Amino acid sequence: MIIMYRTHTCGELRIDNVGNEVTLSGWIQRIREMGGMTFIDLRDRYGITQLTFNSSVNEELNQEARKLGREYVIQISGEVIERSSKNNNIPTGEIEIKVNQLKVLNASKTPPFTIENETDGGDELRMKYRYLDLRREPILEKLRLRNKVALETRKFLDSNDFMDVETPYLIKSTPEGARDFVVPSRMNPGEFYALPQSPQTFKQLLMVSGIDRYYQIVKCFRDEDLRADRQPEFTQIDCEMSFINQEEVLNVFERLIKHLFKTCKNIEFEGDFPRITYAEAMERYGSDKPDIRFGMEFKNLNSVAKNKGFKIFDDAELVLGITAKECAVYTRKQLDQLTDWVKRPQVGAKGLVYCRYNEDGTLKSSVDKFYSQEDLKEWAETMEASPGDLMLVLSGSTDEVRSQMNDLRLHMGDELGLRNPNIFKPLWVIDFPLLEWDQESERYHAMHHPFTSPKDEDIHLLDTAPEKVRANAYDLAMNGVELGGGSIRIHDKQLQQKMFEVLGFTQEKAQEQFGFLMDAFEYGAPPHGGLAFGLDRLVATMGGSESIRDYIAFPKNNAGRDVMIDAPAPIDQEQLDELQLNIK
Ligand code: ASP
């Protein structure tokens, strides 16, 4: 009679346990029959242990084992013995259990895909049966990393005096640039809560309260178009501090990131994280989250490529080049493919000019008609190209060509294997512009959010040249991913009002939306600032992946659907009536 469900987990037994009588419970991963023997791989969260049944020892039990199926939940007892053919790939690979008792705890339907490290299940199917997918070791491993990162974050922040304070989910819209998810209020018909895009205003109010150092690992909600690195609900490590300057904020959070890499990946960064201004990042990489695992920096070719009779370059605001080392050997076909690649609507370039710097020192470009060998030598000098290299050139308006070249640079980085996911290159991007012009609404938007403070020395530009005002705002980028960002906030009511004005809020509108914050600022708001890291992205980056989905236990697909629980879904008429809502 078996009493306890288990004496050990399926990942626990080692050669030292040989001779022990043990009881295990778990799921059947695989059954193999070999002559009179039956082998079962028994799995749980901790590992896999091999079970053996022998017809010459117990024919009845052996027959019972053969009737079991994949993913049955069973409990067994038996003796730990040394395996004759050892499996060095798993920690339990030196032993197996000679089973003498077997009990089926629960049967299972045949799973819709194989639950092994390599599965035959496609993405949608695995999402639909996510609870089965989570039984797979590669996915479990990701959740383990997430758990560890969250735990170490708490340890670090707690030991640095940060206090975990929960903020509400049912709030009023926080303008961070995305659409809000809204929740109708039954008790207040016709009125809606918004789910927070972040706890931004609350953490600032907590500073007014004197909490001094706040943090929260918190869900945020943004109704945006989705991509591999975006989910409608995601998790932030959200932080705020009082009586600090930008330098101190960067310092604390650089230490946090170092702590996480040390404790979770045993990786130590040498020295301080490098820093770059936004303006320089855009100039050199065309991105506010540069991947600096490789060079291939942008070079401005205006002075050497314009005024040679090539109309496209002459008319362009900016001619930009990058050098792909040792790629002069690219064939015509490869170059045509690259050209097609940049012409795809996602990138949007009109064409691609290339110039091979041949090993013999000659230069061969796709615009030889307009440029002499001497001209092309000048290109090569400007682009720091050497014989054997390939120069790639794009032109257009500054913003467009930078964004296209950023795409091309990352693409070349991928092609040439320069983006090793096991190398981590952090970079602070600082001095973001305060505002950005929005073509559609024909007004300025806050680049970060409306509570970000302008640099003191730029405040005078708010009226005359708002686009030139720099903010005390910063992001941490790593491997081409924005891991997080924040700012020093405005803590003065007048300046905050001025900011709303520049953003095109009428005084009434500002009062209606943010009266509570501006009122609070009249009761002694301390200077404060903070930042938030995207936990999903941080963990995915640490795990070497660009997709955050696998690092979320129950993610949504690209259409924002949870295909497992089938949400969103219509609601009953009764519910609609209660909420006094009509569907159009
Ligand atoms: N609330 C900001 C965000 O979600 C972060 C911050 O400014 O602290 O991006």
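Quick notes on the rules
- Residues numbered from 1 in each chain as written.
- Predicted model: local features only at pLDDT ≥ 70, side-chain atom pairs only at ≥ 80, totals over all residues.
- Heavy atoms only, no water.
- Buried < 20%, exposed > 50% of the residue type's maximum accessible area, 1.4 Å probe, protein only.
- Helix = DSSP H or I, 4+ residues; strand = E, 2+ residues; numbered from the N terminus.
- Contact = heavy atoms within 4.5 Å.
- Polar contact = N/O pair within 3.5 Å; in protein donor to acceptor, adjacent residues only side chain to side chain.
- Pairing = 2+ DSSP bridges.
- Disulfide = S-S within 2.5 Å.
- Core = buried A, V, L, I, M, F, W, Y, C linked by side-chain atoms within 4.5 Å.
- Near = heavy atom within 4 Å.
- Areas by Shrake-Rupley, 256 points an atom, 1.4 Å probe, with all protein chains shown as cover.
- Salt bridge = Lys/Arg side-chain N within 4 Å of Asp/Glu carboxyl O.
- Axes fitted to C-alpha atoms, helices over the stretch in contact; angles between N-to-C directions.

Asks: I would appreciate a short explanation of helix H14 (residues 493-502) in the present structure.
Replies: Given 3.6 residues to a turn, an α-helix orients residues that are three or four positions apart in the same direction. When you tally the buried positions in H14, you get 7 out of 10 residues, the bulk of the element. By the burial criterion, the buried members of H14 are Lys493, Leu495, Gln496, Lys498, Met499, Phe500 and Val502. On its buried face, H14 sits against strand E18 (435-438), strand E19 (443-446), helix H13 (461-464) and helix H15 (507-520). For H14, the capping residue at the N-terminal end is Asp492, with a side-chain oxygen 3.2 Å from the backbone nitrogen of Gln494.

Asks: Is there a simple way to think about the pairing of E18 in this case?
Replies: Each regular strand displays side chains that alternate between the two surfaces of the sheet. Direction of pairing for E18 relative to E19: antiparallel, over a ladder of 4 bridges. In the strand pairing of E19, Asp438 is matched with Arg443. Taking the residues between adjacent antiparallel strands as the criterion, E18 and E19 are bridged by 4 residues, where Glu442 takes a positive phi near 50°.

Asks: Help me understand the state of the cysteines in this model?
Replies: Put plainly, two cysteines are in a disulfide when a covalent bond ties their sulfur atoms together. By the definition in use, this model includes 0 disulfides. Of all cysteine sulfurs in the structure, the one in Cys239 sits closest to Cys220, which takes part in no disulfide; the separation is 12 Å. The class for Cys220 is buried, based on a relative accessible area of 0%.

Asks: Got a minute to help me understand the nonpolar core in this structure?
Replies: Nonpolar side chains tend to gather and get buried jointly when the protein is soluble and globular. Within the largest apolar cluster, 42 residues are counted, with the highest numbers of intra-cluster contacts made by Val149, Phe253 and Phe533. Ranked by residues supplied to this core, first place goes to helix H6 (residues 246-265) with 9 residues. Here Phe253 is in contact with Leu157, Phe162, Cys239, Met241, Trp428, Leu531 and Phe533, once residues within four sequence places are set aside. Of all hydrophobic cores here, the second largest spans 33 residues; its members include Leu503, Phe505, Ala510 and Phe514.

Asks: Looking at this structure, I do not really get the environment of Arg230. What am I missing?
Replies: Within the fold, Arg230 resides in the loop between strand E9 (213-221) and strand E10 (233-242). In this structure, the C-alpha to C-alpha distance between Arg230 and Asp123, residues 107 residues apart in sequence, is 16 Å. Discounting residues that sit within four places of it in the chain, Arg230 has contacts with Glu224, Asp225, Arg537 and Ile548.

Asks: What should I look at first to understand the site of the ligand in this one?
Replies: Surrounding the ligand, one finds 14 residues, the nearest of these being Gln200, Lys203, Gln236, His448 and Arg489. For the ligand, an oxygen atom lies 2.6 Å from a polar atom in the side chain of Lys203. Contact with the protein chains removes 92% of the 270 Å² of surface that the ligand exposes when unbound. For the shell around the ligand, the secondary-structure elements that each account for two or more residues are helix H5 (200-208), strand E21 (481-488) and strand E22 (528-534).

Asks: What exactly am I supposed to notice about unusual backbone geometry here?
Replies: Peptide bonds are mostly trans, and most non-glycine residues show a negative phi. Pro568 follows Ala567 through a cis peptide bond whose omega is 0°. With respect to the element layout, Pro568 can be found in the loop between helix H16 (535-542) and helix H17 (573-578). With a phi close to 70°, Glu71 is a non-glycine residue in the positive phi region. Along the polypeptide, Glu71 turns up in the loop between helix H1 (59-66) and strand E4 (73-82). With phi around 55°, Gln580 is a residue other than glycine that occupies positive phi space. Using a relative accessible area of 58% as the deciding quantity, one classes Gln580 as exposed.

Asks: I tried to follow the pattern of salt bridges on my own but got confused; where do I start?
Replies: Pairing of side chains with opposite charge becomes possible as their charged atoms draw close. This model, assessed by the stated rule, comprises 46 salt bridges. Glu116 is the salt-bridge partner of Arg30, the closest N and O atoms lying 2.6 Å from each other. With Arg30 in strand E1 (residues 21-34) and Glu116 in the loop between strand E5 (95-106) and helix H2 (123-128), this pair connects stretches of sequence that are 86 residues apart. Its relative accessible area of 36% is what places Arg30 among the partly exposed residues. Using a relative accessible area of 18% as the deciding quantity, one classes Glu116 as buried. Residues Lys86 and Glu82 are paired through a salt bridge, measuring 2.7 Å at the closest nitrogen-oxygen approach. Note on Glu82: relative accessible area 46%, which makes it partly exposed. Through salt bridges with shared partners, one network takes in Asp123, Arg126, Arg130, Asp133 and Arg136.

Asks: Explain the pairing of E22 to me, please; I cannot follow it from the model alone.
Replies: Burial within E22 is extensive, with 7 of its 7 residues counted as buried. Residue alternation in E22 divides its side chains into two sets, His528, Gly530, Ala532 and Gly534 and Gly529, Leu531 and Phe533, and both sets are buried. Relative to E22, E10 runs antiparallel, the two being bridged by 7 bridges. From the neighbouring strand, Ile237 faces E22, where its bridge partner is Phe533. Bridge analysis of E21 against E22 gives 5 bridges, and the strand direction is antiparallel. By the bridge assignment for E22, Gly485 is matched with Ala532.

Asks: How should I be thinking about the sheet that holds strand E14 (residues 353-357) in this particular structure?
Replies: Strand pairs in the sheet, formed through backbone hydrogen bonds, run parallel or antiparallel to each other. Taken in spatial order, the 5 strands line up as E12-E13-E16-E14-E15 in an open sheet, and their pairing is antiparallel. Unpaired on one side and paired on the other, strand E12 (299-300) and strand E15 (363-365) mark the two borders of the sheet. Across 3 bridges, the pairing between E14 and E15 is antiparallel. The residue bridging Tyr357 from the neighbouring strand is Leu363, located in E15. Running at roughly 150° to E14, helix H10 (residues 332-343) makes contact with E14 and strand E16 (390-396) of the sheet.

Asks: Help me understand the environment of Lys203 in this model?
Replies: Relative to the helices and strands, Lys203 resides in helix H5. Counting along the chain gives 13 residues from Lys203 to Gln216, while the straight-line C-alpha distance between them is 9.4 Å. The residues contacting Lys203, other than those within four sequence positions of it, are Tyr214, Asp238, Cys239, Glu240, Arg489 and Leu531. One polar contact links the side chain of Lys203 to the main-chain carbonyl oxygen of Leu531, over a distance of 3.4 Å.

Asks: In this structure, what is going on with the sheet that holds strand E6 (residues 163-164)? I would like to understand it.
Replies: Within the open sheet, the 8 strands sit side by side as E6-E9-E10-E22-E21-E20-E17-E11. Their pairing is mixed. Because the sheet does not close on itself, it has two edges, and the strands there are E6 and strand E11 (275-277). In this structure, strand E20 (residues 473-478) lies alongside E21, joined through 6 bridges in antiparallel fashion. Across the sheet, the residue bridging to Asp475 is Gly485, located in E21. Strands in contact with H5 are E9, E10 and E22; relative to E10, the strand with the most contacts, it is inclined by about 25°.

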